[in-house]
Amino acid sequence: MSFRLYHLRLTLLALVPLVSGHGYVAQVAIDGKDYYGNVPNANPVPSIVRQINDVSPVKGAANPYLNCGQDAQLASLVANANPGSQMQFWWKGGDGSNWPHNIGPIMTYMAQCVGTTCDQYNSTNAEWFKIEETGLQPGDMVWYQQNIMNGGPSNITLPPTLAPGQYLVRHEIIALHLANEMGGAEFYPSCTQVNIQGDQSEVAPASAEVTFPGGYSDTDPGIYDPTIFDTPVQYTFPGPPVVSFAASGSDTSSPTSSGSSSTSAGAPAASPTASSSGSGSGSQCRLGVGQATFALQARHPRSVSRVMRRWWESMGGSS
Ligand SMILES: *[C@@H]1O[C@H](CO)[C@@H](O)[C@H](O)[C@H]1NC(C)=O
Ligand SMILES: *[C@@H]1O[C@H](CO)[C@@H](O)[C@H](O)[C@H]1NC(C)=O
Ligand SMILES: [Cu+2]
């Protein structure tokens, strides 16, 4: 390697911490009962959440990891749940700090584990239907994803008339702080294994189902969005419409009826010490809507970031 290349590699290494935060699902609660997700690449302990091997985002709508996240592995447990159950998902940054992003939607899909229990089910060909999508808070300036950056959970209600059986719950955040460039959207899918009880009967029609990859395109208006930083934000969710039998109303706050357990869940017990200083390595991930355009242009001029990415890949780095 020439001196010039070596020098460049050092420069690129110095830039890597800018994107090293990202994250994963650290904890799930079902009707107030807590389950823990495995830290990516850690020795897995029994869980209902499929473990991924990389906290960085899935890039590109055709990426096979759009299914359940980066190299997602079968999880060994399946949790009982009911039609209408309340689920909460706590996302964490890869370094144990709060989830680092605040721009973009939160969406939840389900798919039946066909022919086997979910702990054995390969979801490559799973047929997913959407049960929930959460975007902007009233006023269309601030995304609900901001609440996750603030340390709160995502709150979901399972369809109240859902037929019993084994299902994957695919809970996804799309971070759009780079989505003004084609291919810039960051996908963070996560799959949790549940066994729905009861004697309800509703199933999704095939017309409402998609595969992943397949359900999104890089050119969808909610994925490539040149006006993402214009406020008030006008946003079109990608993917199929929410199924007609989904729980109605907003899922943006947790229920008060299920007692103290859901609210006392708070931060994941397993969470590493959080470092919440806004400076240093995580700063690129902490942009608010107002600062975003300026800061991203300052840190990632388009041409530079593209050149950098190419160099980084040519140096054997992954992006
Ligand atoms: C599912 O099957 C695909 C394609 O054969 C394979 O690449 C993937 O590793 C499998 N996933 C799991 C979780 O076994
Ligand atoms: C979920 O509910 C909790 C408690 O009400 C709330 O703090 C949090 O912001 C909600 N999550 C989202 C994404 O709005
Ligand atoms: Cu990120």
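For the structure, see preceding data.
Just so we're clear, the structure is a prediction, and the values are computed from it rather than from any experiment.

Caption draft 1: Quick look at the pairing of strand E6 (residues 128–134). Within E6, 6 of the 7 residues are buried, leaving the element largely enclosed by the surrounding structure. In this structure, strand E5 (residues 106–112) lies alongside E6, joined through 5 bridges in antiparallel fashion. Bridging across to E6, Ile106 finds its partner in Thr134. Sheet topology note: the E6/strand E10 (residues 209–210) ladder contains 2 bridges and is antiparallel. When the sheet's bridge partners are listed, Phe129 is paired in E10 with Glu209.

Caption draft 2: Structural detail: the pattern of salt bridges. With the rule as written, the count across this model stands at 2 salt bridges. The shortest N-O distance in the salt bridge between Lys130 and Glu133 comes to 2.7 Å. For Glu172, the salt bridge is made with Arg170, and the minimal N-O distance between the two is 3.1 Å. Each member of the pair Glu172 and Arg170 is classed as buried.

Caption draft 3: Spatial organisation of the nonpolar core. Formed by 34 residues in total, the largest nonpolar core has its most connected members in Ile30, Met87, Met110, Phe129 and Val194. Breaking this core down by element, the ones donating at least two residues are strand E1 (23–30), strand E3 (79–81), strand E4 (86–93), E5, E6, strand E8 (165–175) and strand E9 (186–196). Those residues in contact with Met110 that lie beyond four places of it in its chain are Glu127, Trp128, Phe129, Ile131, Leu158, Pro159, Leu162, Tyr167, Leu168, Val169, Val194 and Ile196. Core analysis: the second largest hydrophobic core is formed by 30 residues, Ala126, Trp128, Phe212 and Ile223 among them.

Caption draft 4: Summary view of the sheet that holds E9. What the 6 strands build is an open sheet, ordered E3-E9-E8-E5-E6-E10; its pairing is mixed. Strands at the two margins of the open sheet, each flanked by one partner only, are E3 and E10. Summarising the sheet, E3 and E9 pair through 3 bridges and their orientation is parallel. Along E9, the bridge assignment pairs Asn80 with Asn195.

Caption draft 5: Examining the coordination of the copper ion (ligand 3) more closely. Note on the copper ion (ligand 3): its protein donors are His22 (ND1), His101 (NE2), Glu186 (OE) and Tyr188 (OH). The metal-donor distances range over 1.9 to 2.7 Å. Angles of 56 to 151° at the metal separate the 4 donor atoms of the copper ion (ligand 3), which places the site in the irregular class. Written as a sequence motif, the donor arrangement for the copper ion (ligand 3) is H-x78-H-x84-E-x1-Y. Separated by 164 residues along the polypeptide, His22 in the loop between helix H1 (3–15) and E1 and Glu186 in strand E9 bring together distant segments of the chain. No difference in accessibility class separates His22 from Glu186, as the two residues are buried.

Caption draft 6: Broad picture of the site of ligand 1. By nearness alone, every residue bordering ligand 1 is listed as Ala72, Asn122 and Thr124. Alone, ligand 1 offers 360 Å² of accessible surface; in the complex the protein occludes 38% of this.

Caption draft 7: Geometry of the state of the cysteines. Scanning the entire structure with this criterion turns up 2 disulfides. Paired by a disulfide, Cys68 and Cys191 hold their sulfur atoms 2.0 Å apart. Between Cys68 and Cys191, the S-S dihedral sits near -85°, and the bridge is therefore left-handed. In this pair, Cys68 sits in the loop between strand E2 (33–36) and E3 while Cys191 sits in strand E9, placing the two residues 123 residues apart along the sequence. An identical accessibility class is assigned to Cys68 and Cys191; each is buried. Here Cys113 engages in a disulfide with Cys118; their sulfurs sit 1.9 Å apart. The chirality of the disulfide connecting Cys113 with Cys118 is right-handed, given an S-S dihedral of about 100°. When its relative accessible area of 8% is taken as the criterion, Cys113 is described as buried. Overall, Cys118 belongs to the buried group, its relative accessible area being 0%. In the protein chain, the bonded cysteines, numbered by position in the sequence, are linked as 1-4, 2-3.

Caption draft 8: Quick peek at the packing of aromatic side chains. Going through the model one piece at a time under the given rule, you end up with 10 aromatic pairs. Look at Phe129 and Tyr167: their rings are 6.4 Å apart centre to centre, the planes differ by 85°, and that puts the pair in the edge-to-face class. Taken as a pair, Phe129 in strand E6 and Tyr167 in strand E8 lie far apart in primary sequence, 38 residues in all. In this structure Tyr167 comes out as buried when scored by relative accessible area, which is 1%. Taken together, the ring pairs connect Tyr109, Phe187, Phe212 and Tyr216 into an aromatic cluster. The ring of Phe212 carries Arg170 above its face, with NZ or CZ at 3.8 Å from the centroid.

Definitions and limits used
- Residues numbered from 1 in each chain as written.
- Chains lettered and ligands numbered in written order.
- Predicted model: local features only at pLDDT ≥ 70, side-chain atom pairs only at ≥ 80, totals over all residues.
- Heavy atoms only, no water.
- Buried < 20%, exposed > 50% of the residue type's maximum accessible area, 1.4 Å probe, protein only.
- Helix = DSSP H or I, 4+ residues; strand = E, 2+ residues; numbered from the N terminus.
- Pairing = 2+ DSSP bridges.
- Salt bridge = Lys/Arg side-chain N within 4 Å of Asp/Glu carboxyl O.
- Core = buried A, V, L, I, M, F, W, Y, C linked by side-chain atoms within 4.5 Å.
- Contact = heavy atoms within 4.5 Å.
- Donors = N, O, S within 2.8 Å, 3.2 Å for Na, K, Ca; no water.
- Tetrahedral: all angles 85-135°; square planar, octahedral: opposite > 155°, others 65-115°.
- Near = heavy atom within 4 Å.
- Areas by Shrake-Rupley, 256 points an atom, 1.4 Å probe, with all protein chains shown as cover.
- Disulfide = S-S within 2.5 Å.
- Phe/Tyr/Trp six-rings, centres within 6.5 Å; stacked < 30°, edge-to-face > 60°.
- Lys NZ or Arg CZ within 6 Å of the ring centre and 35° of its normal.

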